[in-house]
Amino acid sequence: MSKLFPKSANKLPLQILIYLGVLAGIATAGATYYLTPKYTRVGYAPVQPVPFSHAQHVQEVGLDCRYCHSSVDKSGHSNVPTAQTCMNCHNVIKPTSPLLAPVRESFEKNTPVPWVWVHRTPDFAYFNHAIHVNRGVSCVECHGKVNEMDTVAHTQPLSMAFCIECHRNPEMRLRDPKDIFNLDSKNLADQGRAEDARKYIHDWKVMPPQSCSGCHR
Amino acid sequence: MRNVYLITLFVCVALASIFGLRGTTFTRPPMDVFPEWAFPGMKYQPKLRPQGASTFFADGRADRVPPAHTVARGMLRDDDQLYLGKDDAGGWVKGFPAKLSVDRAFIEHGRERYTIYCAPCHSELGDGNGITKRYGMGATPTYHDDRLRNMAEGEIYNTITNGKNTMLSYADKLAPDERWAVIAYMRALQRAHQGKPADVSDPAARQTLGIQ
């Protein structure tokens, strides 16, 4: 009877075990790298119905964030501007531009402009814009330098780890109140004014919740 | 065995080339790590969110307009001075409604709101030469003439609320008390425009400005 298995087959069980270990390592590394909002969401820059350039409107025209996102400091929800907000200027400036057709149609027919939602929090997370911007957290901390974007792209993961990191150490992220809507400004810690940040935390009673019910209900 | 590792390496490189690196710009909707079919109703709950879409209402919007002739509790606007800028006789209010206290904080708030919402056209000085003029916005009036200096506050309030000529309503951006605050700051701009050296009483400020 000839040999069915060569002698090297004796080592096979061990080799298979080692290989499975390597495979598990690769799978873990892959999942760690890819199955996180740092990969799945960062970089999301959908095509919008109107190619609105934040860079042009903020840097060239000098509009404040709140000109369009007017409820951000009053309400939990920061609004996408109404078509009328666009028409405040565009009824006179470039009134016939074909790129603005969806806005004009919305304004005349009272239909929504189908803007694509970029920074979508999951329905189980309750984020309040007003409390953040009124307590020293600038737009730029979560939205990135929108003032330099021609097309808005998702720049921060907005994962729970991202939120909690700041809720544990707010002094690293707070800004001078006058700088909150100036996306080119630096936060107090980066200005070397961590002491001021701690003072603000005390004076403004900045108490970011770390309990589950702070953001989930 | 060596071949198995080589194939594994090849598969890894191939997958990494397909998935790419973190932070690469893309336009397709983001992938859900916990997809809806496996975890229904968590990330996408059957609730309506502000400015969201609705398949229930005919206009496709989650936001609803209050039914006609209804007032939400606590939202009754029965003070014509404050909410319409009109006095009891139906004329424009002169001065500010009694319910508001016009003080420094009020004017500072008006300044902030003015800078955000009004300055793009009316300019930070109120002379009507805002940045939009450069892009073709026509004749934005200056505040510094007798017509606007003498205009009743109530009429200015009405202009902010309902718009005038090419200016559309700013009622959705400025709450009633903020409109009055903007008017207070506008009055401050008008006063400052007519300022004379003799108006500066603070000695330190006189020094800075070089007033003898």
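Source: prediction; values computed, not measured. (Residues numbered from 1 in each chain as written. Chains lettered and ligands numbered in written order. Predicted model: local features only at pLDDT ≥ 70, side-chain atom pairs only at ≥ 80, totals over all residues. Heavy atoms only, no water.)

Brief notes about the domain arrangement of chain A
Taken as a whole, chain A is organised into domain 1 (10-40), domain 2 (54-80 + 117-214) and domain 3 (81-114). A straight line from the C-alpha centre of domain 1 of chain A to that of domain 3 of chain A covers 52 Å. (Domains from an automatic or database assignment.)

A few points about the side chain of R41 of chain A
Here R41 of chain A shows up in the loop between α2 (37-40) and α3 (54-60). Side-chain polar atoms of R41 of chain A contact the backbone oxygen of V118 of chain A, separated by 2.9 Å. With residues up to four places along the chain from it excluded, the contact list for R41 of chain A reads V118, R120 and H154 of chain A together with F26 and P30 of chain B. (Helix = DSSP H or I, 4+ residues; strand = E, 2+ residues; numbered from the N terminus. Polar contact = N/O pair within 3.5 Å; in protein donor to acceptor, adjacent residues only side chain to side chain. Contact = heavy atoms within 4.5 Å.)

Quick notes on the interface of chain B and chain A
With 49 residues of chain B in contact, the opposing surface of chain A contributes 54 residues. Taking both partners together, chain B and chain A bury about 4,700 Å²; carbon and sulfur atoms supply 56% of that area. Contact with chain A buries area across many residues of chain B, yet R22, R49 and Y135 of chain B alone supply 15% of it, more than any other trio. Summed over the shared surface of chain B and chain A, the result is four salt bridges. R66 of chain A is the partner of E112 of chain B in a salt bridge, and the nearest nitrogen-oxygen pair spans 3.5 Å. Where chain B packs against chain A, one counts 26 residue pairs in polar contact (both at pLDDT 80 or more). When residues of the side of chain B that touches chain A are traced back to their parent elements, those giving at least two are α1 (2-19) and α3 (104-122) of chain B. (Buried area = accessible area lost by both parts, 1.4 Å probe. Salt bridge = Lys/Arg side-chain N within 4 Å of Asp/Glu carboxyl O.)

Looking at the packing of aromatic side chains
Inspection of every chain in the model, using the stated rule, returns 14 aromatic pairs over all chains. Members of the aromatic cluster, joined through ring pairs, are Y33, Y34 and Y39 of chain A together with F19 of chain B. Here the guanidinium or amino end of R217 of chain A rests over the ring plane of Y126 of chain A, the centre of that ring lying 4.1 Å away. Here K173 of chain B stacks its cationic end above the ring of Y67 of chain A, 5.8 Å away from the centre of that ring. (Phe/Tyr/Trp six-rings, centres within 6.5 Å; stacked < 30°, edge-to-face > 60°. Lys NZ or Arg CZ within 6 Å of the ring centre and 35° of its normal.)

A short note on unusual backbone geometry
Among all residues except glycine, the phi angle is most often negative; among peptide bonds, the trans geometry is most common. Residue and element names in this part refer to chain B. Its identity is not glycine, yet Q51 carries a phi of approximately 60°, on the positive side. Of the residues examined, Q51 reaches a relative accessible area of 36% and is grouped as partly exposed. For S123, which is not a glycine, the phi torsion comes out positive at approximately 70°. Structurally, S123 can be placed in the loop between α3 and α4 (146-149). (Buried < 20%, exposed > 50% of the residue type's maximum accessible area, 1.4 Å probe, protein only.)

So, the environment of A152 of chain B
Residues and elements named next belong to chain B. Mapping A152 onto the fold places it in the loop between α4 and α5 (153-162). For A152, a relative accessible area of 8% puts it in the buried group. For the pair A152 and L9, spaced 143 residues apart in sequence, the C-alpha to C-alpha distance is 79 Å.

Description of the pattern of salt bridges
Under the definition given, this model contains 28 salt bridges over all chains. The partner of R66 of chain A in a salt bridge is D64 of chain A, with the nearest N and O atoms 2.9 Å apart. K178 of chain A is the partner of D179 of chain A in a salt bridge, and the nearest nitrogen-oxygen pair spans 3.8 Å. On the basis of relative accessible area, K178 of chain A is assigned to the exposed category, the value being 66%. Among the charged side chains, a salt-bridge network with shared partners connects D64, R66, D73 and K74 of chain A together with E112, R113 and E178 of chain B.

Concerning the environment of N3 of chain B
Tracing the backbone shows N3 of chain B in helix α1. Using a relative accessible area of 56% as the deciding quantity, one classes N3 of chain B as exposed.

Observations concerning the packing of helix α1 (residues 12-34) of chain A against α1 of chain B
Contact geometry of α1 of chain A with α1 of chain B gives a least axis separation of 12 Å together with a crossing angle of 10°. Viewed along their axes, α1 of chain A and α1 of chain B adopt a mutual orientation that is roughly parallel. Residues I18, Y19, V22, L23, I26 and Y34 of chain A of α1 of chain A pack against V4, Y5, T8, C12, A16 and F19 of chain B of α1 of chain B. Here the residues of the contact of α1 of chain A with α1 of chain B are counted per class, giving eleven nonpolar, one polar and no charged. (Axes fitted to C-alpha atoms, helices over the stretch in contact; angles between N-to-C directions. Parallel < 35°, antiparallel > 145°, perpendicular 65-115°, else oblique. Nonpolar A, V, L, I, M, F, W, Y, C, P; charged D, E, K, R; others polar.)

Let's talk about a nonpolar patch on the surface
Judged by side-chain polarity, L12, L14, I16, L17, I18, L20, V22, L23 and I26 of chain A together with M1, V4 and Y5 of chain B come together as a nonpolar surface patch covering roughly 990 Å² of accessible area. Among the elements of the structure, α1 of chain A together with α1 of chain B are those that each provide at least two residues to the nonpolar patch. Take the nonpolar patch: its biggest share by element is nine residues, from α1 of chain A. Among the residues examined, V22 of chain A registers a relative accessible area of 33% and is labelled partly exposed. (Patch = residues over 30% accessible without salt bridge, like charges linked within 9 Å, V, L, I, M, F, W, Y side chains within 5 Å. Areas by Shrake-Rupley, 256 points an atom, 1.4 Å probe, with all protein chains shown as cover.)

Quick notes on the nonpolar core
Counting 29 residues, the largest nonpolar core has Y67 of chain A together with Y114, Y117, I160 and W180 of chain B as the members making the most contacts within it. Those elements that provide at least two residues to this core are α4 (65-68) of chain A together with α3, α5 and α6 (176-193) of chain B. By residue number, the principal contributor to this core is α6 of chain B, which donates eight residues. With residues up to four places along the chain from it excluded, the contact list for I160 of chain B reads M167, S169, Y170, A171, L174, R179, V182 and I183 of chain B. Ranked by size, the runner-up nonpolar core spans 14 residues in total, among them Y44, V72, V133 and I180 of chain A. (Core = buried A, V, L, I, M, F, W, Y, C linked by side-chain atoms within 4.5 Å.)

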